[in-house]
Amino acid sequence: VLSQNRWEGEIWSRKKDGSLFLARINVSIIKNSEGGYEKIIGSIMDITDYQKNAEKLQQYMNFDPLTHLINRESFITILDNDLKNPDREIVFLDIDINNFKYINDTFGHSLGDNLLIEFSIRLKQALPDVKMFCRYSADEFLLYFYNDMQK
């Protein structure tokens, strides 16, 4: 604060009831005509809700809200980075649920959603060595893993 005459940042603080909150603090020093310190002015703002909303937005941007698997864009970004390693062999699978539209149309979207959730859970359990799972579209899942087999 003294070297820059101002400081801003985030800290954890406590309310009167003892609960924690994330605070954004701004502090400024006002000097008098002789260069001495006349006033210190500060503000504090509770940004806990803002931070929670930012985390929710990050979750929404990177993960499928139904299955909680990463979404298409995140999958492509991660896969692209892994493909830049020339020494790594990647096995890539595209799994599509046949007649999923029929299930949704006949039994309803709620049952279809439950099927997708259960399918993603079982797929992860059945293939524990998979590097990355993704719900690519309504009934399509993409996954890949590293080929660790000796040549």
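Residues numbered from 1 in each chain as written. Predicted model: local features only at pLDDT ≥ 70, side-chain atom pairs only at ≥ 80, totals over all residues. Heavy atoms only, no water.

*Asks:* So, helix α3 (residues 100-107): which residues are in play, and what are the values?
*Replies:* Among the residues of α3, Phe 100, Ile 103 and Asn 104 are the ones counted as buried. In a view along the axis of α3, the buried residues occupy a sector of 95°, so they form one face of it. Exposed and facing more than 90 degrees away from the buried side of α3 are Lys 101, Tyr 102 and Asp 105. Check the buried side of α3 and you find it contacts α4 (109-126). (Buried < 20%, exposed > 50% of the residue type's maximum accessible area, 1.4 Å probe, protein only. Helix = DSSP H or I, 4+ residues; strand = E, 2+ residues; numbered from the N terminus. Arc of directions from axis to C-beta. Contact = heavy atoms within 4.5 Å.)

*Asks:* So what about the packing of aromatic side chains? Which residues, and what values?
*Replies:* Summed over the entire model, instances satisfying the criterion amount to four aromatic pairs. Geometrically, the ring pair formed by Phe 119 and Phe 141 is tilted, given 5.0 Å between the ring centres and 50° between the ring planes. Placement of the pair is Phe 119 in helix α4 and Phe 141 in strand β6 (residues 140-146), with a sequence separation of 22 residues. Relative accessible area serves as the criterion here: at 24%, Phe 119 is assigned to the partly exposed category. A relative accessible area of 1% places Phe 141 in the buried class. An aromatic cluster is defined as three or more aromatic residues linked by ring pairs; in this entry it consists of Phe 75, Phe 92, Tyr 144 and Tyr 146. Lying over the aromatic face of Tyr 136, Arg 72 brings its terminal NZ or CZ to 4.2 Å of the ring centre. Above the ring of Tyr 146, the side-chain terminus of Arg 88 is found at 3.7 Å from the ring centroid. (Phe/Tyr/Trp six-rings, centres within 6.5 Å; stacked < 30°, edge-to-face > 60°. Lys NZ or Arg CZ within 6 Å of the ring centre and 35° of its normal.)

*Asks:* Please give an account of the sheet that holds strand β4 (residues 90-96) that cites residues and values.
*Replies:* Within a sheet, neighbouring strands are paired by backbone hydrogen bonds and run either parallel or antiparallel to one another. Within the open sheet, the three strands sit side by side as β4-β6-β5. Their pairing is antiparallel. Looking at the sheet topology across the chains shown, the edges are occupied by β4 and β5 (132-137). Here the strands of the sheet are splayed against their neighbours by 20° on average, with no regard to which way each runs. Contacting β4, β5 and β6, helix α2 (residues 72-83) crosses the sheet at an angle of about 135° to β5. (Pairing = 2+ DSSP bridges. Axes fitted to C-alpha atoms, helices over the stretch in contact; angles between N-to-C directions.)

*Asks:* Break down the sheet that holds strand β1 (residues 6-14) for me, citing the residues and quoting the values.
*Replies:* Read across the sheet, three strands follow the order β1-β2-β3 without closing on themselves; strand pairing throughout is antiparallel. The open sheet is flanked by β1 and β3 (37-46), the only strands paired with a single partner. The sheet shows a mean angle of 25° between the axes of neighbouring strands, direction not considered. In the sheet, β1 pairs with strand β2 (residues 20-31) via nine bridges, with the strands oriented antiparallel. Counterpart to Ile 11 in the pairing with β2 is Ala 23.

*Asks:* Could you give an account of the side chain of Ser 74, naming the residues involved and the relevant values?
*Replies:* Following the sequence through the fold, Ser 74 ends up in helix α2. Within the structure, Ser 74 has its side chain in polar contact with the side chain of Asn 62 (distance 3.1 Å). Apart from the residues lying within four places of it in its own chain, the contact partners of Ser 74 are Met 61 and Asn 62. (Polar contact = N/O pair within 3.5 Å; in protein donor to acceptor, adjacent residues only side chain to side chain.)

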